[in-house]
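Now for the letters of each chain:
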Amino acid sequence: MIEFFVAPLEYGFMLRALIGSVLVGVMCPLVGAYVVTRNLAFMGDALAHAVLPGMVLGFIAGINPAIAAVPTGVAVAVLVRIVSRRAGLSTDTSIGILFAAMFALGLVMLSTSTTIRVDMEDLLLGQLLGISPTSIYVSLGITVAVILGLFALHHWLLFASFDPVGAQVLGRRTNIVDYVFLVMLALVIVIGIQAAGVILVMAMLVTPAATAYLLVRRFVSMMIAAALIGTAAAVTGLYISYHFNLPAGPAMTLVASAIFALAVAFRRRAPV
Amino acid sequence: MNTTHYPHAARMSLQDVTVEFDGHKALSNVTFDVGAGTLMGVVGPNGAGKSTLFNAIAGLLPVRQGKVTLHRVDKGSGALAYVPQRESVNWRFPVTAMDVVMMGRCCRLGWCRRPGKRDRELVDACLCRVGLSDHRSALMTELSGGQRQRVFVARALTQEASVLLLDEAFSGVDAGAQEGLVEVLQTVRNEGRIVLLATHDLTNLAGRFDQVLCLNRRVCACGPPDEVFTSEVMQQLYGAHGVRLTVDGER
């Protein structure tokens, strides 16, 4: 049994993949707890697609795509707010417009570039087993920054999430908090994409948090439970992918989905 | 009222306040004063501009003309507390009564400081004042409409607000709970705070306000309930089908 867990770690790429999966398993669900309770799943999905041009630019410039994608994600997150306010459109509509435009821009850049060779499947489904040491350091740095950010903004985030109007009356900080949260969401998604890809990063962002929502009462407990479920799903999925020769992203997603299905069957929370 | 003993006491005046949406006046030349320690009902039909008035006072909407002035003893932040309409709250967000009341401490806590012993004691004391000590760990979704409103009032108290704005606070609250809520608001008023409560529902409780502002995009009347609830004012508010409401609440 011990062999099942230890043997894969003799390979450097598996050790890096394990660290990467733990980081993603912790970070995505912590932010995902807000995504689920604030109905921001579409925003998360959009950001995952919209960072594509940044990643392509990273490939072209020869820098780590995760680092290059961060400013794009942040810019798109902020743009969504600005477009909704300036054009008087709903957030969903602004997201839909920007997400499609940015993803299309990324695809055009990919198809016209003659200098880069990127496997679209890696981009869409993730390449956890090929994660570089630099990406691990970037992920670690972002994880620490996001956890510190969530800690510092905790009370304002709770207030703005539960009663946005009341929070706005209390101070202009609510706007700053909302922007900072979107920036954190963009950072987390960029890191999640490396593990699970553009499409399946949503599974790490939303599924463990939604599972925790069904099992515990208070929001802080939900964040902790979501991080534990996310880590368990990510690590279990990684081992399954190694031993059964399956792609890592889909394996992690299926484990997270299976845990969610069990939670639905034994749910504690009554529907709101 | 002598306000020197009440750090949260305040006076508020609105002078010629006009708010416009797309060129249409939602509020027109609204002028009135509220003294320290006043429980004021803001009544009027749907679309009369009650929420617009509260949003203008709270700074959520730009005022095209006129000004809102607040004079208060305590110069600290968090002067205004807003109790929102039920629809604007994210009930899916899993917070307890205690969590919500602690939100009132946000502007005093700053960015990174965690709540201390004094904050927790204040939260407990405020929950006790509104009669919800036994419900501190209950989720907001587990509370009745009246209890939820009292939690929001407790939040305003921990915020140490001078002005409480309650938008449609009686909506979805049964008669007994409305009575309980008014009693709580009267004790809050007795500390020199201003309480403004908007309602389109002219129940018996309308006579329990110190002052009533009758609003229909403009001020139709403002004063004690027995002076403003006249058939003429009711007609201005509700048209030909206006109801006659006496101070006793008889229609």
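Quick note: structure is the one above.
Here's a quick rundown of the structure.

1. Here's the deal with the overall build of chain A
So, step 1. The helix and strand tally for chain A stands at 13 helices and zero strands.
So, step 2. Going from N to C terminus, chain A has its helices and strands arranged as α-α-α-α-α-α-α-α-α-α-α-α-α.
So, step 3. Rg of the C-alpha trace for chain A: 18 Å, near the compact-globule value of 19 Å for 272 residues, within the 12% margin.
So, step 4. Taking the principal axes of the C-alpha coordinates as reference, chain A spans close to 55 × 50 × 30 Å.
So, step 5. Within chain A, contacts between residues at least 6 apart in sequence are counted, and of these 74% link residues at least 24 apart.

2. With respect to the sheet that holds strand 1 (residues 10–21) of chain B
Residue and element names in this part refer to chain B.
So, step 1. Across the sheet, three strands lie side by side as 2-1-4; this open sheet has antiparallel pairing. In this open sheet, the two edge strands, each paired with only one partner strand, are strand 2 (24–34) and strand 4 (65–72). Averaged over all neighbouring strand pairs, the angle between strand axes comes to 15°, with direction disregarded.
So, step 2. Where strand 1 and strand 4 come together, seven bridges link them in antiparallel fashion. By the bridge assignment for strand 4, Met12 is matched with Leu70.
So, step 3. With respect to the sheet, helix 1 (residues 50–58) is in contact with strand 1, strand 2 and strand 4, its orientation differing from that of strand 2 by roughly 65°.

3. Digging into helix 6 (residues 175–189) of chain B
Residue pairs spaced three or four apart in an α-helix point in one direction, given the helix's 3.6 residues per turn.
Residue and element names in this part refer to chain B.
So, step 1. The end-to-end C-alpha distance of helix 6 is 21 Å, a good match for the 21 Å that 15 residues give at a rise of 1.5 Å each.
So, step 2. Buried within helix 6 are the following residues: Gln178, Leu181, Val182, Val184, Leu185, Val188 and Arg189. Buried residues in helix 6, looked at end-on, bunch into an arc of 160°, giving them a common side. In helix 6, those exposed residues whose orientation departs by more than 90 degrees from the buried face are Gly176 and Glu183.
So, step 3. Close packing links the buried residues of helix 6 with strand 3 (38–43), helix 5 (145–158), strand 6 (163–167) and strand 7 (194–199).

4. Topic: the packing of helix 5 (residues 65–87) of chain A against helix 11 (residues 173–215) of chain A
All names here are of chain A.
So, step 1. Running from N to C, helix 5 and helix 11 point in directions that differ by 140°, and their axes come no closer than 8 Å. In this structure, helix 5 meets helix 11 at a crossing whose hand is right-handed. Contacts between helix 5 and helix 11 involve Ala66, Ala69, Val70, Gly73, Val74, Val76, Ala77, Val78 and Arg81 on the former and, on the latter, Tyr179, Leu182, Val183, Leu185, Ala186, Leu187, Ile189, Val190, Ile191 and Gln194.
So, step 2. A per-class count over the contact of helix 5 with helix 11 returns 16 nonpolar, two polar and one charged.

5. A closer look at the interface of chain B and chain A
So, step 1. Contacts between chain B and chain A engage 26 residues on the former and 21 residues on the latter.
So, step 2. Elements with a minimum of two residues in the side of chain B that touches chain A: strand 5 (80–83), helix 2 (97–103) and helix 3 (106–109) of chain B.
So, step 3. Along the lines of polarity and charge, the residues of the side of chain B that touches chain A split into 18 nonpolar, six polar and two charged.

6. Quick word on the sheet that holds strand 9 (residues 219–223) of chain B
Through backbone hydrogen bonds, the strands of a sheet pair up, either in parallel or in antiparallel fashion.
Residue and element names in this part refer to chain B.
So, step 1. Read from one edge to the other, the open sheet built from six strands follows the order 5-6-7-3-8-9, with strand pairing classed as mixed. The sheet is open, and its two borders are formed by strand 5 and strand 9, each paired with just one other strand. Each strand of the sheet is rotated relative to its neighbour by a mean of 15°, with strand direction disregarded.
So, step 2. With six bridges joining them, strand 3 and strand 7 adopt parallel strand pairing. Across the sheet, the residue bridging to Leu39 is Val195, located in strand 7.
So, step 3. The sheet strands contacting helix 1 are strand 3, strand 5, strand 6, strand 7 and strand 8 (211–215), and the helix crosses strand 6 at an angle near 150°.
So, step 4. Each of strand 5 and strand 6 touches helix 5; the most contacted strand, strand 5, lies at about 170° to it.

7. Some words on the environment of Leu185 of chain A
All names here are of chain A.
So, step 1. If you trace the backbone, Leu185 turns up in helix 11.
So, step 2. Judged by the 24 C-beta atoms lying within 10 Å of it, Leu185 is buried.
So, step 3. Along the backbone, Leu185 and Val146 are 39 residues apart, and their C-alpha atoms lie at a distance of 8.8 Å.
So, step 4. With sequence-adjacent residues up to four places away left out, Leu185 is seen in contact with Val31, Val35, Gly44, Leu47 and Ala77.

Cut-offs and rules
Residues numbered from 1 in each chain as written. Chains lettered and ligands numbered in written order. Predicted model: local features only at pLDDT ≥ 70, side-chain atom pairs only at ≥ 80, totals over all residues. Helix = DSSP H or I, 4+ residues; strand = E, 2+ residues; numbered from the N terminus. Rg over C-alpha atoms; globule rule 2.2 N^0.38 Å. Contact = placed C-beta atoms within 7 Å. Pairing = 2+ DSSP bridges. Axes fitted to C-alpha atoms, helices over the stretch in contact; angles between N-to-C directions. Expected span 1.5 Å × (residues − 1). Buried ≥ 20, exposed ≤ 12 C-beta atoms within 10 Å, placed from the backbone. Arc of directions from axis to C-beta. Left-handed = near helix turned anticlockwise from the far one by under 90°. Nonpolar A, V, L, I, M, F, W, Y, C, P; charged D, E, K, R; others polar.

Purely geometric numbers; function is a separate question.
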